[in-house]
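# Notes for the structure review
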Amino acid sequence: MNQIRKIVDQLHKVMVVLGQIMLVLITILTCIQVFSRYVLNFSLRWSEEVPLIMMVWFGFIALALGVKKKLHISIELFFRMFPEPVQKVLLKFVDLCILTFGVIMVVYGWQLAMVMMASTMPATKMPTGYLYIIVPISGVFVVFDSLMELLGLIENEEETQDDEVIESLKNLSLGGKN
């Protein structure tokens, strides 16, 4: 199981990098779109569709990574009112709900993507299923991470890979100064 966890952690890293690249590309393509429309008086026909696809993909990548990092919404005030044994049961219930949601994403997301492969997007002429295929992909990550949490197989130590990514983003925003 440890080997599988290492593989999935590497895939999580790939998703982080993919999300970062998409965010940069969305910004660049939107700037190009605005410049060409308002300065050059013509519009690239694909310039709205491609950033939209990337934004959808970015959102589902963020969702999957949020499950891994337990960034889902919770109301701590009510949770803290319960005794510790009840809190543990509630946490397992939450993990079970997230697991169920992940399974729904995989099953119905796959069905949606396959049905939508028959239609094409108007500007790029790509199959519309490409827009939706990220749903089952991120669902697999949601299922895996919530199952690991539900079974108590998550290590409690901080993951230095994510800390390194955060640190490199800080350095990038500060121009390399600490």
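Note that the coordinates shown come from a computational prediction; the quantities given were computed from them, not determined experimentally. The written sequence of each chain sets the order in which its residues are numbered from 1. Given that the model is predicted, a residue must reach a pLDDT of at least 70 before its local features are reported, and side-chain atom pairs must reach 80 or more before they are shown or counted; all residues, however, enter totals for whole chains, interfaces and linings. With hydrogens and water set aside, each side-chain value is computed from the structure's full complement of heavy atoms.

## Section: the side chain of S138
Mapped onto the elements, S138 comes out in helix 6 (residues 134-150). Per-residue accessibility, obtained with a 1.4 Å probe over protein chains only, is compared with the maximum for each type, and a residue is labelled buried under 20%, exposed over 50%, and partly exposed between these values. Residue classification places S138 among the buried positions, given a relative accessible area of 0%. Aside from chain neighbours lying at most four places away, what touches S138 is F60, A64 and M105. Strands here are runs of E lasting at least two residues and helices are runs of H or I lasting at least four, both read from the DSSP assignment and numbered beginning at the N terminus. Two residues qualify as a contact provided that any one of their heavy atoms is within 4.5 Å of a heavy atom in the partner residue.

## Let's talk about the confidence of the model for the protein
Per residue, pLDDT measures the predictor's confidence, with a range of 0 to 100. Of the residues in the protein, 86% have a pLDDT of 70 or more, and the chain-wide mean is 85. For the stretch residues 156-160, pLDDT sits under 50, and the model shows four contacts to residues farther than four places along the chain or on other chains.

## A few points about helix 6
Expected span of a helix: the number of residues minus one, times 1.5 Å. Across its 17 residues, helix 6 extends 24 Å between first and last C-alpha, which sits within 8% of the 24 Å expected from 1.5 Å per residue. Of all 17 residues in helix 6, 12 are buried; the element is thus mostly enclosed. Inspection of helix 6 places I134, V135, P136, S138, G139, F141, V142, V143, F144, D145, S146 and M148 among the buried residues, and these make up the whole buried set. Backbone geometry just after helix 6 places G152 at a positive phi near 75 degrees.

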